[in-house]
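Fold and geometry: a report
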Amino acid sequence: MRKTTTLALIATGLVALGCGSGATDNAGGSGNDTSGGKGGDTPAKTAKIGKPARDGKFEFTVKSAKCGVANVGDSTLGAKAQGQFCLVTMTVKNIGKEAQMFDGSSQKAYAANGTEYSADGGAAIYANKNAETFLNEINPGNQVTGVVVFDIPKDVKLAKLELHDSPFSGGVTVSLT
């Protein structure tokens, strides 16, 4: 039953993403401006934990990244990692002029050797009390804090994140090292 529910939620999310694809707006600036400033500031190429990073209509601030987690949720409803879960806590603020959908599954993580890992949307449902990272529409000026979950091999350490305001945006890099 748990897998059926998770699959239904994921299918619904994919349909919703398809309906809103191509609806991105760079909020009047470069899609990868990580400076947090205005106008002529030179954008940083890579942000660090605790520093704001912008992509399109969203300003991301990664608060922490905790790896080595075996499961999320509780014994009744939860998910067990294939390897280890890395829980990335972040604040996402809408800096645009209209509502924008945030989806944790649009985020990517990378190991030092360049291997790319996708977010685990099913596990994120159990890691967040109010589904903050699952198809959450954020109005202009508002922000949410949530956990994006990555299931990676036990012997891997993440080096960076690539955060996106939509599945098709350029993204912004946040270093975890």
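Whatever comes next refers back to the structure up there.
A brief report on the enclosed structure follows. Just so we're clear, the structure is a prediction, and the values are computed from it rather than from any experiment. (Residues numbered from 1 in each chain as written. Predicted model: local features only at pLDDT ≥ 70, side-chain atom pairs only at ≥ 80, totals over all residues. Heavy atoms only, no water.)

1. Digging into the side chain of Gln-107
Summarising the element assignment, Gln-107 is placed in the loop between strand S5 (100-102) and strand S6 (108-111). Within polar-contact distance, the side chain of Gln-107 engages the backbone nitrogen of His-164 at 2.6 Å. The contacts of Gln-107, once residues within four sequence positions are left out, are Phe-60, Phe-102, Tyr-117, Ser-118, Ala-119, Val-148, Phe-150, Glu-162, Leu-163 and His-164. (Helix = DSSP H or I, 4+ residues; strand = E, 2+ residues; numbered from the N terminus. Polar contact = N/O pair within 3.5 Å; in protein donor to acceptor, adjacent residues only side chain to side chain. Contact = heavy atoms within 4.5 Å.)

2. Some remarks on the pattern of salt bridges
Counted by the stated rule, this structure contains three salt bridges. Measuring nitrogen to oxygen at the nearest pair gives 3.0 Å for the salt bridge that ties Glu-59 to Arg-54. Note that Glu-98 is salt-bridged to Lys-57, the shortest N-O span being 2.9 Å. Of this pair, Glu-98 sits in the loop between strand S4 (78-94) and S5 while Lys-57 sits in the loop between strand S2 (52-55) and strand S3 (58-73), and the two are 41 residues apart along the sequence. (Salt bridge = Lys/Arg side-chain N within 4 Å of Asp/Glu carboxyl O.)

3. Re the pairing of S6
In terms of strand pairing, S6 meets strand S7 (residues 116-118) through three bridges, oriented antiparallel. Its bridge partner lying in S7, Tyr-110 is registered against Glu-116. The sheet contact formed by S6 and strand S10 (residues 158-163) spans four bridges and is antiparallel. Its bridge partner being in S10, Ala-111 is matched across the sheet by Leu-158. (Pairing = 2+ DSSP bridges.)

4. Quick look at the packing of aromatic side chains
In total, this model carries three aromatic pairs according to the counting rule given. Relative to Phe-60, the ring of Phe-58 has its centre 6.0 Å away and its plane inclined at 75 degrees; by these criteria the two rings are edge-to-face. This pair shows no difference in class: Phe-58 is buried, exactly as Phe-60 is. Pairing Phe-58 with Phe-102 gives two aromatic rings, centres 5.9 Å apart and planes at 75 degrees, and the pair type is edge-to-face. Of this pair, Phe-58 sits in strand S3 while Phe-102 sits in strand S5, placing them 44 residues apart in sequence. Accessibility classification places Phe-58 together with Phe-102 in one group, the buried group. Here the aromatic cluster, defined as three or more aromatic residues joined through ring pairs, consists of Phe-58, Phe-60 and Phe-102. (Phe/Tyr/Trp six-rings, centres within 6.5 Å; stacked < 30°, edge-to-face > 60°. Buried < 20%, exposed > 50% of the residue type's maximum accessible area, 1.4 Å probe, protein only.)

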